[in-house]
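Structure assessment
Here is how the chains run, residue by residue.
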Amino acid sequence: MASALTGERAAELRGFSSAQRLAYECAEAVAARLRPGVTEREAARMQRDWLRARGVRDWFHLPFAWFGDRTAFTGFRIPLQFFPTNRRLEEGMPFILDLAPVHRGFPADVGYSGCLGPGPHPLHDKLLADLQAHRELLLREVRERRPLREIYEDVDRLMVRQGYENRHRAYPFGVIAHKIGRVSDRRWSPHVLGFGTQALKGLASDALHGHRDGWSPLWSPYRFSDHPPRPGLWAVEPHLGFRGTGAKFEEILVVTDSGDPAESAFWLDDDLPHVRRWAKGA
Amino acid sequence: MSLQSVPSVPSPSGRPVEVRERRVRTGGIELCVAELGDPRRPTVLLVHGYPDSKEVWSQVAERLAERFHVVLYDVRGHGGSTAPKPLRGGFTLEKLTDDFLAVADAVSPDRPVHLVGHDWGSVQGWEFVTVRRTKGRIASFTSMSGPSLDHFGHWIKRRMTRPTPRALGQLLGQGAKSWYVYLLHTPVLPELAWRGPLGRRWPKILDRFEKVPPARADAGGTGSAGAYPTASLPEDAAHGAWLYRDNINARLRRPRADAHAHVPVQLITPTGDAFLSERLYDDLERWVPQLVRRTLPAKHWVPRTRPDQLAFWITEFVSAHEPEPESAKDGDGGDDAAGDAVAVGPAGKARRESRARRARDLVASGPYGERFGGQLVLVTGAASGIGRATAFAFAESGARVVVVDRDGEGTARTAEMARLIGAPRAWAETVDVGDEEAMEKLAEKVAAEYGTVDVLVNNAGIGLSGPFLDTTSEDWKKVLDVNLWGVIHGCRIFGGQMAARGQGGHIVNTASAAAYQPSRALPAYSTSKAAVLMLSECLRAELAGQGIGVSAICPGFVNTAITSTARFTGVSAEEEKRRRKRTARLYGLRNYPPEKVADAILRAVVRNEAVVPVTPEARGARLLSRFAPRTLRAIARLEPPL
């Protein structure tokens, strides 16, 4: 695949890829340190500290942590409820770590789902396993150049068939994915409501351009997403919910303008915890 | 001690169960003890209440005898047991404890027994499990309709010392329900009444007010143990008045402060009990460290009216508090004999912990786990939408679910997920509810393999939209087959089984807000649903006397797959597809989740509600249909925005 890309492009993808790996490493390291009694705030702080110690200065968004039925966004009405609370982790509770560090100007946005304790956690395992079908469906339909809104609806239908609730609907604008792009590496990187200003600036400028050309950096169920996949990098985050248990993954999907289906879209990296998990289970 | 054989009674499975009767001498009296089942099995000891004798348990005992060594005895002064002389002071709880220990030592000398009590049997049971001298002799206690007098005394004291309006209401409520206790404290009169007219009319009174049909010894060949109430009833009731006179005043005035249970307790509360308030058990966690709660929609005499459910819960509870089967098999249980009380060392601790875990697992985590645990629930149309959410909600409450739908893949999925969230068992059945023969076959299979359905949810339905004049008779047939005939078959076949069993149950039919909201867009669908609504109301009236509730659910606009499969008449195939998509989007925007309808269904079963509109628009339309039907007619003329 890399052979078809220009050197510059390959270097850029490598940058994104290493940022994403770093983020997943952080998620795995923090998940391994979670114990009963840890609060969401503490888990979020553990992620921040881990990444700061490895040179992260800016964020697409600050790390989130959700425990228990908050993994399925039970009773969420306003976006402020996404922020970490003092909910304590207990044995057997599901958790999700969602973090988006910017590493050397390359943002990553990843989601890591787990369950505390040695298990077994048959229900959570089932949700995680069923996410695989969504990863395959998303890639297949993006390669077919289906309008994003229709793909969204297909994912929705698959979730309904599996018996789950669509929980990414709870995200701002109900997005299943959003575009992600390079940001300039500044010394001072403030954030507003948990989102880095640089990243917000990028999204806003994409939204402005997209508005003129008829596309949107937000992949939503609404009319503004009724367009074929736009080349670029998309952080895709299907989120399943089932009676108080939630599970998601989030990773970068690369969309290009290539005519070859295999190169028109591909996952940035296939060596990720959830993918390894499926490979082991298969 | 003499052992004599009495005519055997047939068990529910058809095999006769041998009843062995013997007499146990203790404290100057003789107790009549009956035993069923293999004495090597764990012993379950059933204690009857007032005014009763051990025969009140006959149906439960037969069912338990297949798995356990079942022992029943007549309390002193009742049935075949002799009465103490003099009667006054002969019925104190201390003496009743002596009797229990004597029986337990005679029937199960080296293993603790599992105690089950109803009414006064349960009052005694509470005494047995809270006094020290029975430690190590009892493995578990199942209590129904009988509080501990000590707990009751504290319950009253607590409410008297903090007389909030709620506390006073509870006191007055229970005070009114205890009317008969005051009467029993008058001298002589109760005895005269029982030996006279009251005793003669008691079977009829039981039948009329408590729905306990009298069982004759010759009826249905149930043998001598089947007669109920027994001929000895007037004497039993006259003697038993001393249970009240000897204990109530003493205990309620000065309740023991150390009445903590030293065994796991399962509390079964009938919600329709005319003599005991459910609130009596509110503080019970204070006294019982290992408590499992169950509720049962029934009146006071549950051993007669709900034997299947009781046998199921007792079996489950007793099994959870028995040592692992392999250790039970390898001997007469010598080292398990002491049970919880003296299990020491790391092995004992591990065993205790694993038992506590199993006991905790007995009641599901769902909000109605106490009510639906172990019940059999059948849901049609359960491959998606409201049916699936309902199956999940019941599964979460610990019910066993049968998932029925035309869509085999969907049913399998629902059953699989139901098992993951707490259903002890879940089965998928691919059946078209409109097909009578298939439904008959399903009913046979369910009855034979899973049991009688406790809760039936007739939910399967399809959508049909379009002007009446464009609706063909073929379209009509399709919609009525599923929406109406499906419900009729379900109610007739499964409802019939429920009624034949005679132990209550509940039927839920999914109607629709369209059942009372006319609309030019949905003539066929609304007609079918209006029929379901009326059918439910009529059936409710018919089955009310048999303890079977019927509820009609009217959901409204709920985000389910019904929109994407609905048929639109009078338009081209392309237009139909467009309308489906458009409707699905509109319903998606409304986004009322089927889970909320499922919650309403469970609530309707628990509260036995007749008609339940769910979404705000369904409630609004229901209100308008009663108070401003002309408004509804005006709305009916509007063309839907498709």
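What you see is a predicted model; the values in this text were computed from it and never measured.

1. A short note on the overall build of chain A
Summing up its helical and strand segments, chain A has seven helices and 14 strands in all. On C-alpha atoms alone, chain A measures out to a radius of gyration of 18 Å, which is about the 19 Å that the 2.2 N^0.38 rule sets for 282 residues. Its C-alpha atoms put chain A at 50 × 50 × 35 Å along the principal axes. In chain A, buried positions account for 56% of the 282 residues. In chain A, 69% of the contacts between residues at least 6 apart in sequence involve partners at least 24 apart. When the accessible area of chain A is evaluated, it comes to approximately 12500 Å², of which 52% is carbon and sulfur surface. Placing the 40 positive and 36 negative side-chain charges of chain A at their respective mean positions leaves the two points 5 Å apart.

2. Thoughts on the interface of chain B and chain A
Contacts between the two partners involve 16 residues from chain B, matched on the other side by 16 residues from chain A. Of the roughly 1500 Å² buried where chain B meets chain A, counting both sides, 48% is carbon and sulfur surface. Together, Arg413(B), Leu420(B) and Arg585(B) form the three largest contributors to the area buried by chain B at its contact with chain A, with a combined 33%. At the surface where chain B touches chain A, the tally comes to four salt bridges. A salt bridge links Arg585(B) to Glu153(A), with the shortest nitrogen-to-oxygen separation between them at 2.7 Å. Between chain B and chain A we count nine residue pairs in polar contact (both at pLDDT 80 or more) in total. Looking at side-chain class alone, the side of chain B that touches chain A contains six nonpolar, two polar and eight charged residues.

3. Examining the pairing of strand S4 (residues 43–47) of chain B
Residues and elements named next belong to chain B. A large share of S4 lies buried, amounting to five of its five residues. Residues Thr43, Leu45 and Val47 point to one face of S4 and Val44 and Leu46 to the other, with burial holding for every one of them. Summarising the sheet, S4 and strand S5 (residues 69–73) pair through five bridges and their orientation is parallel. Across the sheet, residue Thr43 finds its bridge partner in S5, namely His69. Considered for its hand, the β-α-β crossover made up of S4, helix H1 (residues 58–64) and S5 is right-handed. Two strands pair when backbone bridges link them, and S4 and strand S6 (residues 113–118) are joined in this way by four bridges, in the parallel orientation. Directly across from Val44, in S6, lies its bridge partner His114.

4. Considering the packing of aromatic side chains
All told, the structure shown has 34 aromatic pairs over all chains when counted by the stated rule. Ring plane angle 85 degrees and centroid distance 6.0 Å describe the contact between Trp219(A) and Trp234(A), whose orientation is recorded as edge-to-face. With a gap of 15 residues between them, Trp219(A) in strand S9 (residues 218–219) and Trp234(A) in strand S10 (residues 232–236) connect regions that are remote in the sequence. Under the relative-accessibility criterion, Trp234(A) is labelled buried at 1%. Between Tyr222(A) and Phe224(A) the ring centres are 6.2 Å apart and the planes differ by 45 degrees, which places this aromatic pair in the tilted class. The partly exposed category is assigned to Tyr222(A), whose relative accessible area is 35%. Every member of this aromatic cluster is reached through a ring pair, and the members are Tyr50(B), Trp120(B), Trp179(B), Tyr180(B), Trp194(B), Trp202(B), Tyr244(B), Phe275(B) and Trp301(B).

5. Points about the domain arrangement of chain B
Residues and elements named next belong to chain B. Annotation of chain B at the domain level lists domain 1 (3–361) and domain 2 (372–558 + 593–636). Around 680 Å² of area is buried between domain 1 and domain 2 when both sides are counted, 39% of it from carbon and sulfur atoms. Here domain 1 is connected to domain 2 by four residue pairs in polar contact (both at pLDDT 80 or more). Per element, the largest residue contribution to the side of domain 1 that touches domain 2 is five residues, and it comes from helix H11 (residues 307–320). Counted by class, the side of domain 1 that touches domain 2 contains three nonpolar, two polar and five charged residues.

6. Observations concerning the sheet that holds strand S10 (residues 376–380) of chain B
Residue and element names in this part refer to chain B. In spatial order, the strands read S12-S11-S10-S13-S15-S16-S18; together these seven strands make up an open sheet with parallel pairing. This sheet does not close on itself; its edge strands, each paired only once, are strand S12 (426–430) and strand S18 (611–613). Between one strand and the next, the sheet's axes are offset by a mean angle of 15 degrees, whatever the strand orientation. Judged from the five bridges that link them, strand S11 (residues 400–405) and S12 form a sheet pairing that is parallel. Among the inter-strand pairings, Val401 is bridged to a residue of S12, identified as Ala426.

7. Examining the confidence of the model for chain A
The predicted model of chain A has a mean per-residue pLDDT of 92, with 98% of residues at 70 or higher. Strand S7 (residues 191–192) of chain A is the least confidently modelled element of chain A, averaging 86 in pLDDT, while helix H2 (residues 40–52) of chain A averages 96, the highest of any element.

8. Details of the sheet that holds strand S6 (residues 177–180) of chain A
All names here are of chain A. Here we have five strands laid out as an open sheet, ordered S9-S6-S10-S13-S14, and antiparallel in their pairing. The strands lining the two open edges of the sheet, one partner per strand, are S9 and strand S14 (265–267). Note that strand S13 (residues 251–255) and S14 share three bridges and pair antiparallel. Bridge pairing in S14 links Val255 to Ala265.

9. Details of helix H22 (residues 594–607) of chain B
All names here are of chain B. A rise of 1.5 Å per residue sets the reference length of H22, with its 14 residues, at 20 Å; its end C-alpha atoms lie 20 Å apart and thus fit the reference within 8%. Looking only at H22, the buried set comprises Pro594, Val597, Ala598, Ala600, Ile601, Leu602, Ala604 and Val605. On its buried face, H22 is in contact with helix H14 (369–372), helix H15 (385–396), strand S13 (455–458), strand S15 (505–510), strand S16 (548–554) and S18. Of the residues trailing H22, Asn608 is marked for its positive phi of about 50 degrees.

10. Some points on the confidence of the model for chain B
All names here are of chain B. Here chain B averages 89 in pLDDT, while 90% of its residues score no lower than 70. Segment residues 219–224: pLDDT under 50, and eight contacts once partners within four positions in sequence are set aside and those in other chains are kept. Here residues 325–345 scores under 50 on pLDDT; set against residues more than four positions off or in separate chains, the count is 21 contacts.

Parameters and conventions
Residues numbered from 1 in each chain as written. Chains lettered and ligands numbered in written order. Predicted model: local features only at pLDDT ≥ 70, side-chain atom pairs only at ≥ 80, totals over all residues. Heavy atoms only, no water. Helix = DSSP H or I, 4+ residues; strand = E, 2+ residues; numbered from the N terminus. Rg over C-alpha atoms; globule rule 2.2 N^0.38 Å. Buried < 20%, exposed > 50% of the residue type's maximum accessible area, 1.4 Å probe, protein only. Contact = heavy atoms within 4.5 Å. Areas by Shrake-Rupley, 256 points an atom, 1.4 Å probe, with all protein chains shown as cover. Lys, Arg positive; Asp, Glu negative; His and termini not counted. Charge placed at Lys NZ, Arg CZ, Asp CG, Glu CD. Buried area = accessible area lost by both parts, 1.4 Å probe. Salt bridge = Lys/Arg side-chain N within 4 Å of Asp/Glu carboxyl O. Polar contact = N/O pair within 3.5 Å; in protein donor to acceptor, adjacent residues only side chain to side chain. Nonpolar A, V, L, I, M, F, W, Y, C, P; charged D, E, K, R; others polar. Pairing = 2+ DSSP bridges. Right-handed = clockwise from strand over helix to strand, strands pointing away. Phe/Tyr/Trp six-rings, centres within 6.5 Å; stacked < 30°, edge-to-face > 60°. Domains from an automatic or database assignment. Axes fitted to C-alpha atoms, helices over the stretch in contact; angles between N-to-C directions. pLDDT = per-residue confidence, 0-100. Expected span 1.5 Å × (residues − 1).

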